[in-house]
Structures are given as structure tokens and as C-alpha cells.
Amino acid sequence: METIKIALAKGRLADLSIELFEQIGLKFTSYHEKSRKLMFTSDDGHYELILVKATDVGTYVENGAADIGVAGKDTLLEAGVDVFEVVDLGFGRCRFAVAGEPGVSLNQYHHLTVGTKYPKITNDYFKAQGKQIETIKLNGSVELAPLVGLSDVVVDIVETGSTLKENNLVIIENMMDISARLVTNKASFKTKDEKIRPLIDQVKSIVDSKGSVTNES
Ligand code: PRP
């Protein structure tokens, strides 16, 4: 029997996705047992779950190592993966913003430097505005960059806004809203449609009926 492989991002996104799948009757009892396992089979034996790093979900799905995945719009955009984005799940909501020290204006710089974990999204954003910038790729603690003179501003995810506030930074420009998306491999969408389409439809109807699949929003 051919199974459907689902790639999820380890951690909170996986927990919320499993919660959603359970609402449509797709159970992964073994996922709830504490372990370091990275692969789980659904109770009905028709689905296999793989846990990967958030930034890799799109890669697994694009290459067909997974038929379906759940990933943040941020990681999908940054990876530039070629997949079908089929449902906005409404959880994992946050936004991208340009942030800097209070009083800073983007127009004051001839040569703007931007610290970010997301160089592709940053370049695409400023390029669309016809602005030339230099990105400085960071892997975390991005908010430090303007404080220590590594970059003029940062492009980062803002969820509650606490990290910016506690580091005395402010939003200069809101860029876009992001949330978790259900994605499928392009070939699987056609060849395995009798299994994938009902899953998508059920997920969609839950998201549509609740506005969001969790209490979060
Ligand atoms: C993310 C993001 C911000 C913070 C935003 O960082 O890069 O730093 O969360 O959340 P807030 O608006 O609710 O404060 P993450 O926690 O992934 O840590 P990192 O900086 O080490 O990547």
C-alpha cells in the first residue's frame, strides 16, 4: 500500500498540525509518546509523518520525499521552493518588518545595510521598491545588529513585538503577514489526488469553519 508522507517542522508547528489532523480523524498516537523518533506512522497505517527542520519542509516536499508539508510562509518564501500552497492554516501568525533604532528613516541612508536571517525575502522586498541594499546574513539574535553597528536596520519576524521592545528597537516598515501553509508536491497532487484531495478539503473546511484551527490568533 502506498502511503502519503507528511513533513512537519519539529516543535510547535508540528504540534499544531497534529492537532489539526486529529480534528479530521487522522491520528498519530505514537507521536505523543516522548521519544527522539523522527518518523511516525498513522494509526490507520495510511500516512507517514516525518519531522524535519522548519527551513527544510519545503525542500522535502519540492523533491517528493514528502507529498505534503506544513511550513511557515516565511520559510517557504526564503527557500523559494516550487510547491503548491493549498491552504492558509491560520496559525503561526506573525509578520515581517523592517526595524531599527527609534527615529531612523530608510531614506537617510545612501547605502542601506540590513541584518537578517532572511536575505532572499529582504532582497526581493527592497528590489521591488527599486532600492539597492546590502544584506548581512545572520543566524539569530538579529536585533543586536543595529545596536552594535553591524547593520543600519534589520528585517525580521515580529510576533508579539517583545523582542524589539526589550532591545529598544521599533518597526520602521511592516512588510507582510505570514502564517503556516499546507503545501503539496506538484506531482503528488496529481498522481495521489484520490488521497491528498480529501485531506486538503477536510483541512480547508475546518479552517474555514473556525477561522483558525486552534485557540491561538
Ligand atoms: C524570532 C524572531 C525575533 C523574535 C520575534 O526569534 O527572529 O527575534 O522571534 O518574536 P516576538 O516579536 O514575539 O518577540 P527566535 O525566537 O526564533 O530566536 P533567534 O533570534 O535566535 O532566531
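So, here's what we can say about the structure. (Residues numbered from 1 in each chain as written. Predicted model: local features only at pLDDT ≥ 70, side-chain atom pairs only at ≥ 80, totals over all residues. Heavy atoms only, no water.)

## A few points about helix α8 (residues 193–210)
Taking 1.5 Å of rise per residue, 18 residues should cover 26 Å, and α8 covers 25 Å from first to last C-alpha, within 8% of that figure. Where α8 is concerned, the buried positions are Ile196, Leu199, Ile200, Val203, Ile206 and Val207. The buried residues of α8 occupy an angular sector of 130 degrees when the element is viewed end-on, so they sit on one face. Structural note: α8 exposes Glu194, Asp208 and Ser209 on the side pointing more than 90 degrees away from its buried face. (Helix = DSSP H or I, 4+ residues; strand = E, 2+ residues; numbered from the N terminus. Expected span 1.5 Å × (residues − 1). Buried < 20%, exposed > 50% of the residue type's maximum accessible area, 1.4 Å probe, protein only. Arc of directions from axis to C-beta.)

## Considering the site of the ligand
Taken together, Lys117, Gly140, Ser141, Glu143, Asp156, Ile157, Val158, Glu159, Thr160, Gly161, Ser162 and Thr163 make up the full set of residues near the ligand. At a separation of 2.5 Å, an oxygen atom of the ligand approaches a polar side-chain atom of threonine 160. The backbone of glycine 161 places a nitrogen or oxygen atom 2.7 Å from an oxygen atom of the ligand. In isolation the ligand has 500 Å² of accessible area, and contact with the protein removes 64% of it. Elements with a contribution of two residues or more to the shell around the ligand: β9 (153–158) and α6 (162–166). Taken together, the residues of the shell around the ligand break down into two nonpolar, six polar and four charged. (Near = heavy atom within 4 Å. Polar contact = N/O pair within 3.5 Å; in protein donor to acceptor, adjacent residues only side chain to side chain. Areas by Shrake-Rupley, 256 points an atom, 1.4 Å probe, with all protein chains shown as cover. Nonpolar A, V, L, I, M, F, W, Y, C, P; charged D, E, K, R; others polar.)

## Let's talk about the pairing of β9
With respect to burial, β9 is a largely interior element, five of its six residues being buried. Of the pairings in the sheet, the one linking strand β7 (residues 112–116) to β9 comprises three bridges and is parallel in character. Among the inter-strand pairings, valine 114 is bridged to a residue of β9, identified as valine 153. (Pairing = 2+ DSSP bridges.)

## Digging into the packing of helix α1 (residues 12–23) against α8
Interaxial distance between α1 and α8 falls to 9 Å at its minimum, and their mutual angle equals 100 degrees. Considered as vectors, α1 and α8 are oriented roughly perpendicular to each other. Contacts between α1 and α8 involve Leu20, Phe21 and Gln23 from the first element and Val203, Ile206 and Lys210 from the second. (Axes fitted to C-alpha atoms, helices over the stretch in contact; angles between N-to-C directions. Parallel < 35°, antiparallel > 145°, perpendicular 65-115°, else oblique. Contact = heavy atoms within 4.5 Å.)

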